[in-house]
Amino acid sequence: MDWLGPEEWQAVALSLRVSLWATLASLPLGIFTAYALARWRFPGLGLVNGLVHLPLILPPVVTGYLLLLTFGTRGPVGSALQEIGIVLAFRWTGAALAAAVMAFPLMVRAIRLSIEAVDPKLEQAAATLGASRPWVFATVTLPMILPGIIAGAILAFAKAMGEFGATITFVSNIPGQTRTVPSAIYAFLQVPGGEDAAMRLVLVSVAVAMTALLLSEVIARKIAARVSGA
């Protein structure tokens, strides 16, 4: 990374931090949501499915503005969090929240497809042997959907690395605080002579995205082979 300047490296490090926390924090909810959409039938299922995938359809700036209205210091959730010392707007934690929201649909979709591919009869067979529902999920369902979970997590990470519209709307573009790689590229392109720095960050973004996709494919195949051979 010697060819990156201090400001560029700072943006890369912050993006990695934001993307990692966005992925890890949203993964448990992503698994639960995917399982609910794949296995449960309840009133309002279509509405929940629509809300989950809404960030894919809405302009990212709109999503960021809704986050600002909700989690800003004057928003209903943000004001309550502020009373206990948690501030998300214009902080790196807010950037992680915005990235998690934008990446959540991709994560849920990958995990949901993996769950739907599992034969329900296998789960039913385990249940007839006296296993509880959580134990069935932990010992039967989870190992079989692990490739989908890993693929969804890595795709979410890559999406979070590239998130721009919602992030800059919710947390602005503050150097060292909320300036991720996409925001830094935008900032460099606004000043004369910043094209070289922007291009270096573009190359970093492409490299991270391609590495994430290849890693997702390799890990998913290895785990799928191990599960099928078990």
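Since the model is a prediction, treat every value here as computed from it, not as a measurement.

What counts as what
- Residues numbered from 1 in each chain as written.
- Predicted model: local features only at pLDDT ≥ 70, side-chain atom pairs only at ≥ 80, totals over all residues.
- Heavy atoms only, no water.
- Helix = DSSP H or I, 4+ residues; strand = E, 2+ residues; numbered from the N terminus.
- Buried < 20%, exposed > 50% of the residue type's maximum accessible area, 1.4 Å probe, protein only.
- Contact = heavy atoms within 4.5 Å.
- Areas by Shrake-Rupley, 256 points an atom, 1.4 Å probe, with all protein chains shown as cover.
- Expected span 1.5 Å × (residues − 1).
- Bend = angle between axes of the 7 residues up to and from the residue.
- Core = buried A, V, L, I, M, F, W, Y, C linked by side-chain atoms within 4.5 Å.
- Phe/Tyr/Trp six-rings, centres within 6.5 Å; stacked < 30°, edge-to-face > 60°.
- Salt bridge = Lys/Arg side-chain N within 4 Å of Asp/Glu carboxyl O.
- Axes fitted to C-alpha atoms, helices over the stretch in contact; angles between N-to-C directions.
- Parallel < 35°, antiparallel > 145°, perpendicular 65-115°, else oblique.
- Left-handed = near helix turned anticlockwise from the far one by under 90°.
- Nonpolar A, V, L, I, M, F, W, Y, C, P; charged D, E, K, R; others polar.

A.B. asks: Quick question: what am I supposed to make of the overall build of the chain here?
C.D. replies: Within the chain, the secondary structure is distributed over ten helices and zero strands. Taken along the three principal axes of its C-alpha coordinates, the chain extends 70 × 40 × 30 Å. In the chain, which comprises 230 residues, the share counted as buried stands at 41%. Within the chain, counting contacts between residues at least 6 apart in sequence, those at least 24 apart form 71% of the total. Entry remark: accessible area of the chain is about 12500 Å², with carbon and sulfur atoms responsible for 68%.

A.B. asks: What exactly am I supposed to notice about helix H1 (residues 6–39) here?
C.D. replies: An α-helical segment advances 3.6 residues per turn. Residues three or four places apart therefore align on the same side. With 34 residues, H1 extends 49 Å from end C-alpha to end C-alpha; this agrees with the ideal 50 Å at 1.5 Å per step. Its axis deflected by about 45° at Leu27, H1 carries its strongest bend there, up to four residues before the proline Pro28.

A.B. asks: In this structure, what is going on with unusual backbone geometry? I would like to understand it.
C.D. replies: Excluding glycine, a negative phi dihedral is what most residues carry, and trans is how most peptide bonds are arranged. One non-glycine residue, Phe90, lies in the positive phi region at around 65°. In this fold, Phe90 is placed in the loop between helix H4 (76–83) and helix H5 (92–116). Judged by its relative accessible area of 42%, Phe90 falls in the partly exposed class. Phi at Ser172 is positive, roughly 65°, even though this residue is not glycine. Within the secondary structure, Ser172 is located in the loop between helix H8 (165–171) and helix H9 (181–189). Under the relative-accessibility criterion, Ser172 is labelled partly exposed at 28%.

A.B. asks: How should the nonpolar core be read in this particular structure?
C.D. replies: Among soluble globular proteins, nonpolar side chains are generally buried collectively. In this structure, Leu27, Val108, Ile111, Ile115 and Ile149 are the most contacted members of the largest nonpolar core, which totals 19 residues. Each residue touching Ile115, except ones within four places of it in the same chain, is listed here: Ala34, Tyr35, Ala38, Arg39 and Ile145. In this structure, Ala22, Ala96, Ala100 and Ala166 belong to the second largest nonpolar core, which totals 16 residues.

A.B. asks: Please explain the packing of aromatic side chains as it appears in this structure.
C.D. replies: In this structure the tally under the stated criterion is four aromatic pairs. Taken together, a centroid distance of 5.5 Å and an interplanar angle of 80° make the contact between Phe32 and Trp40 edge-to-face. The exposure class assigned to Phe32 is partly exposed, which follows from its relative accessible area of 48%. Overall, the relative accessible area of 33% leaves Trp40 in the partly exposed class. Aromatic side chains Tyr35 and Phe137 sit 5.4 Å apart centroid to centroid with 85° between the ring planes, which places their arrangement in the edge-to-face category. Of the two residues, Tyr35 is situated in helix H1 and Phe137 in helix H7 (residues 133–161); the sequence distance between them amounts to 102 residues. On the basis of relative accessible area, Tyr35 is assigned to the buried category, the value being 16%.

A.B. asks: Looking at this model, I keep getting lost on the environment of Ala197. Mind explaining?
C.D. replies: Tracing the chain through its elements places Ala197 in helix H10 (residues 195–229). Classification of Ala197 by relative accessible area gives buried; the value is 7%. Considered as a pair, Ala197 and Ala127 are 70 residues apart in the sequence and their alpha carbons are 58 Å apart. Once you skip the residues sitting within four places of it in the chain, Ala197 turns out to touch Glu8 and Phe188.

A.B. asks: Mind showing me how you'd approach the pattern of salt bridges here?
C.D. replies: A side chain with one charge may pair with a side chain of the opposite charge, provided their charged atoms come close. Considering all chains together, one arrives at four salt bridges under this definition. Put simply, Arg200 and Glu8 hold a salt bridge, and the shortest N to O gap is 2.9 Å. On the criterion of sequence distance, the pair formed by Arg200 in helix H10 and Glu8 in helix H1 is long-range, its members being 192 residues apart. Where Arg39 meets Glu123, a salt bridge forms, and the shortest distance between an N and an O atom there is 3.1 Å. Highlighted residues: Arg39 in helix H1 and Glu123 in helix H6 (residues 120–128), separated in sequence by 84 residues.

A.B. asks: What is the right way to read the packing of H6 against H7 from this model?
C.D. replies: Each packed pair of helices is defined by two parameters, the angle between the axes and the distance between the axes. Across the interface, H6 lies against H7 with an axial gap of 10 Å and an inter-helix angle of 160°. Between H6 and H7, the angle falls in the class roughly antiparallel. Between H6 and H7 lies a crossing whose hand is right-handed. Judged by residue contacts, Leu122, Glu123, Ala126 and Ala127 of H6 engage Val136, Val140, Thr141 and Met144 from H7. Grouping the constituent residues of the contact of H6 with H7 by class yields six nonpolar, one polar and one charged.

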